[in-house]
Amino acid sequence: MTALRHSEARVGWWLTVPALAGLAAFILLPFVLAVMLSFTNLRMGSPLPVAFVGLDNYRLAFGEPAFRQGLFNNVLFALIVVPVQTALGLGLAVMLNNRFHGRWLFRTLFFMPVVFPLSLVAVVWVLIFAPGPDGVLNAVLGALTLGVWEPRDFLNDPAWALPAIMVTSIWQGAGFQMVILLAGLQAIPRQLYEAAAVDGAGALRRFLHVTLPGLRNPLIFVVIVTTILSFRVFDQVRIMTRGGPQDASTTVIHEVVRHAFDQGQVAPAAAMSVVFFLIVLAVTLALRSLMRQQGTVR
Amino acid sequence: MAKVEFRRVRKDFDGQVVIPALDLRVQDGEFMVLLGPSGCGKSTLLRLLAGLESVSAGEIVIDGRVVNDLSPQARNVAMVFQNYALYPHMRVRDNLAFPLRMRGMKRAEIERRVREAAGVLGLEALLDRRPGELSGGQRQRVAMGRAIVREPAVFLMDEPLSNLDARLRVQIRTEIAALQKRLGTTTLYVTHDQVEAMTLGQRVAVMEAGRVQQVDDPLTLYREPANRFVAGFLGNPPMNIFPVRARTRDGRHQLQLAGQWLDLGEAPPGKACFAGIRPEDFGLPAKADDVTLTVQVEALESLGHETLVYFRDAEVPSPALCAGRVTGDPAGRPGDALCLAVDLSGVHWFDAAGDALRAGRSD
Amino acid sequence: MNNMPWLRVLMAYGLLLACTAVFFGPVLFMLSGSLKPDELVLAEAGTWRALVPESVSLDNYRSVFERVPFASYLASSLIINGLIVGLGLMVNAFAGYALARLRWWGRNGVLVLVLALLVIPFEAIAVPLFYQLSWLGWRDDHLVQAIPFVANPLAIYLFYSFFLGLPRELEEAARIDGAGVLRTFFTIVIPNSAAAFASVAIVLFLFHWGMYLWPLLMTTSESVRPLPLGIATFHTLPPLAWGDILAFGVLMVLPVVVVFVVFQRWFVQGVASVGVKG
Ligand SMILES: Nc1ncnc2c1ncn2[C@@H]1O[C@H](COP(=O)(O)OP(=O)(O)OP(=O)(O)O)[C@@H](O)[C@H]1O
Ligand SMILES: [Mg+2]
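Fair warning: this is a prediction, and the values are worked out from it, not measured in the lab. (Residues numbered from 1 in each chain as written. Chains lettered and ligands numbered in written order. Predicted model: local features only at pLDDT ≥ 70, side-chain atom pairs only at ≥ 80, totals over all residues. Heavy atoms only, no water.)

### Brief notes about the environment of Leu137(A)
To be explicit about the condition: The numbering of helices and of strands both runs from the N terminus, where a helix is a DSSP run of H or I of at least 4 residues and a strand a run of E of at least 2. Contacts: residue pairs with any heavy atoms within 4.5 Å of one another.
Its place among the elements puts Leu137(A) in helix α6 (residues 136-144). Once residues lying within four places of it in the same chain are set aside, the contact partners of Leu137(A) are Ile128(A), Phe129(A) and Phe154(A).

As structure tokens, this is what we get:
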């Protein structure tokens, strides 16, 4: 390397050092720590010396019904929220991809929940899910079903607590999908639609053969992001149900926090974090490879 | 006031050799054009000289000083980019002043130089506009202005005219030539347009695949191409190349073309493997002693004052399309037989490797 | 929707309005609830009065300031987010630029590291990070809520891909014109990257304005707690006054909505560019 490149290399390093230090100290190191802790017996306030305990914490975590319930809830959450939210976002995007007056306004309205802090969203929806016939949702459902609907206490009903949180999340997140898919729709060349129309394709065929293939990458992207977010659900659970009733609405992260801070069980919490990371990693890699494979078509 | 020299310069990108070993000297004040097909390494060569890429081996010398290790700003060269690279957020005035500011010049001096450059290029009225508010031709002039305002040792121009329409290209081409002559600054000018090369260059370096094939003044290049590549690259349509089948019959040297034996003035050089005939050497038979060739017309393109006749020499394996350029308007349609006159006094001979041989010299 | 028969236009607008009701209804509910007496929030929740209050008063807003240190929460949120956005823009833009444009030993390694860290969710490391920082005795101030979020892999990646897409010739022209690497970055690159800076700023701001878990772990003093903790505290503070809580919510979300509406274009650009490219 010549002297010329040396100076560029020096500048390059110095520009990167602050970010690199931050990433190392606040992401990489704690992550390594989490992995290490998960193999020890560290407990808050425990007099025992810290020792290596192998896979005990993982066994403990998986042996715990609440954690298993949390895992199950997360998977269920992803399986329902991801398709529903994506379909909703796609519907909104397709609707807004037409030219009409006030399009900007509607886009803003639909997107607005995305910028709401989750803690606020949770509080507002606690009110909407309020029990008794005077609760917003109970009243609306009562009106829509002409009085057939039995008012219930959504957040304290084991059958309804998790679905209520799902609804809240979908409401908050659909606008995000919409914006990205709308940008994707607008990137599809007009000529493709015209060519398909000339070839005699109807609206449905145009959607299936032009719109969907054209949206492949944005679609996979929003699916990845929503899936990961589905596994990260915490704020709503903490504020709306505290994981209850009887762990019916708990999630992995909620269990991590509960173990680490409410019960001082740091090591099992670390093990749960590692499991959580592995899930997120697997989902991301799987969806990414899907994207790569099919991305070659275009 | 600068000579530029490339000494055994090599450049590879991640192990991929783009320029194997290049030697080239540019004289002080010379206008040197680099001509070659796309991807042959012309831009890379300019960028090496500018310091935007570092050489893998060899030396680049400006005015006797090896500049390999100097940063772009220390080399005192100015470059005009194909897309002009004007700073979009600065007014024309600040675009012109930028290189002077970077050199820490005094404000009054900057002001003076900017005004002078703007005057030379007719930019006075545009000084307060931003690049986005200029036409393509005006942007081109601003880019030129930013180069000359510094009075650099060397001008580098990488296809500066290729974003302009044909008419403007001709106009600015002549302006560049005049400007360079006036300033006398050593210039390297990259193009793949041979008309630009022929009209602008005092000398033209023809490149292919990272190698300089020939460096000469434009006429020599055209008349005495050093090899098949140069012969085929210059001229429009390019020179027709045929495999040589020659014989001597009754003391006359003959060459076979399209199945017919044509008389040559003198014997082809001993090692001749290929014969090259320019399209201009064809014509319509006028005199009785013209050497004539009857061809099967494949296509005719009439340009008004002249006509291009396309045919193939069906006798050779996988025959290439050949062209003849004749004045006037020969009657005929594709498929017809047409009788063309051929001037064989200007045949170019090439050996098996493609290097040019001089007629009559049977070395 | 130009040449549609009127029935379809009607249906389309009906659908739009239904969606608006779903997405904007809760927002309107919050707004109107914040303007009426506490006891009416739930009492009227089942009627159309839930959305349109009978009489409007700002009492709830007044009591937000009286009952909790709202100004302190707001100040903390502004300080924390100001630090994250301000420092984050600088630090991440530097790194993004070095990765996109400069040649230095280890660059590819760092790039891979950034992409890998993109996958680690904050929740997975919150616990060890908490212990790591507590062990240093660093907790319960504004900085500890901001500094860990300054270096952000997503922001680095956004800058990186933006700078890759800038025409290289601009910087090369500047180098030839005599500017050094840093000078080129500051005088040529930054002025032409407003879109990237704006969208990263907005993304960082939105992501962290609602941050809840980390302040919950790291703070105990009300004086350094940000708005999201404030609203959660308020939620559990007797007497439960819904009007006050909703007024708190409106005040909390107002800055974000303003930022979003004003900078909508950049935000959408920033988010969408990642999404469309993948
Ligand atoms: N940064 C780079 N990395 C890898 N390969 C490169 C790089 N820059 C150029 N090349 C390769 O070097 C060769 C020469 O490129 P160069 O740009 O010099 O061609 P050129 O003669 O200017 O062509 P054109 O007329 O199309 O501009 C090409 O094969 C190109 O792919
Ligand atoms: Mg080039």
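Now that the structure is up, let's keep going.
### Things to note about the domain arrangement of chain C
Residue and element names in this part refer to chain C. For the record, the criterion: Residue ranges labeled as domains rest on an automatic or database domain assignment. Here the quantity called buried area is the total loss of accessible area, with a 1.4 Å probe, experienced by two parts when brought into contact, counted for both.
When its domains are assigned, chain C resolves into domain 1 (24-57) and domain 2 (69-277). Relative placement of domain 1 and domain 2: their C-alpha centres are 34 Å apart. Tallying the contact residues gives nine residues for domain 1 and nine residues for domain 2. Taken together, the two surfaces of domain 1 and domain 2 that pack against each other cover about 650 Å², and 78% of this comes from carbon and sulfur. Mapped onto the side of domain 1 that touches domain 2, the elements with two or more residues apiece are α1 (6-33) and α2 (38-43).

### Describing the interface of chain C and chain A
Put simply, the test is: Counted as salt bridges are all cases of a side-chain nitrogen of Lys or Arg within 4 Å of a carboxyl oxygen of Asp or Glu. Throughout this description, a polar contact denotes any pair of N or O atoms lying within 3.5 Å of each other; where both atoms belong to protein, one of them has to be capable of donating a hydrogen while the other can accept it, and for residues adjacent in sequence the pair is counted only when both atoms sit in side chains.
Chain C puts 86 residues into the contact, and the matching count from chain A is 84 residues. Buried surface at the junction of chain C and chain A, both sides included, amounts to about 7800 Å², of which 81% is carbon and sulfur. Joining chain C to chain A, the criterion identifies one salt bridge. Linking chain C with chain A are five residue pairs in polar contact (both at pLDDT 80 or more).

### Here's the deal with the sheet that holds strand β15 (residues 274-277) of chain B
Residue and element names in this part refer to chain B. Which entries qualify depends on this criterion: Following DSSP output, two strands are said to pair if at least two bridges run between them.
Taken in spatial order, the four strands of this open sheet run β11-β15-β22-β23, and their pairing is antiparallel. Strands with a single pairing partner mark the edges of an open sheet, and in this sheet they are β11 (240-243) and β23 (356-357). In this sheet, β15 lies alongside β11 in antiparallel orientation, the contact comprising four bridges. Among the inter-strand pairings, Phe242 is bridged to a residue of β15, identified as Ala275.

### Quick notes on the UniProt feature "transmembrane region" (unreviewed entry) in chain A
Selection rule: UniProt positions are given in the numbering used here, feature names are shortened, and annotations may be inferred rather than shown by experiment.
Per the UniProt record, "transmembrane region" (unreviewed entry) is annotated on residues 12-39, 75-96, 108-130, 160-183, 215-234 and 266-287 of chain A. Counted over residues 75-96 of chain A, helix gives 100% and strand 0%. Its end C-alpha atoms are 31 Å apart.

### A few points about the packing of aromatic side chains
Formally: Only rings of Phe, Tyr and Trp enter the pairing, Trp through its six-membered ring, and a pair is recorded when the two centres are within 6.5 Å. The plane angle decides the type: under 30 degrees is stacked, over 60 is edge-to-face, the rest tilted. Burial classes: relative accessible area under 20% of the type maximum marks a residue as buried, over 50% as exposed, and values in between as partly exposed (1.4 Å probe, protein chains only).
Following the criterion strictly, the structure yields 34 aromatic pairs over all chains and no others. Consider the rings of Phe31(B) and Tyr189(B), whose centres lie 5.7 Å apart with planes at 40°: the pair is tilted. Pair noted here: Phe31(B) is in strand β3 (residues 31-35) and Tyr189(B) is in strand β8 (residues 186-191), with a separation of 158 residues, a long-range link. The same class applies to Phe31(B) and to Tyr189(B), which are both buried. With a centroid separation of 6.2 Å and 85° between ring planes, the pair formed by Phe149(C) and Trp214(C) is classed as edge-to-face. Residue Phe149(C) is located in the loop between α7 (142-146) and α8 (153-165), and its partner Trp214(C) is located in helix α12 (residues 213-218); the two are separated by 65 residues in the primary sequence.

### Here's the deal with the state of the cysteines
All names here are of chain B. The condition that has to hold: Only a pair of cysteine sulfur atoms within 2.5 Å counts as a disulfide in this structure description.
If you walk through the whole model with that rule in mind, you get zero disulfides over all chains. Cys322 supplies the cysteine sulfur nearest to Cys273, a cysteine that is in no disulfide, at a spacing of 17 Å. The partly exposed category is assigned to Cys273, whose relative accessible area is 32%.

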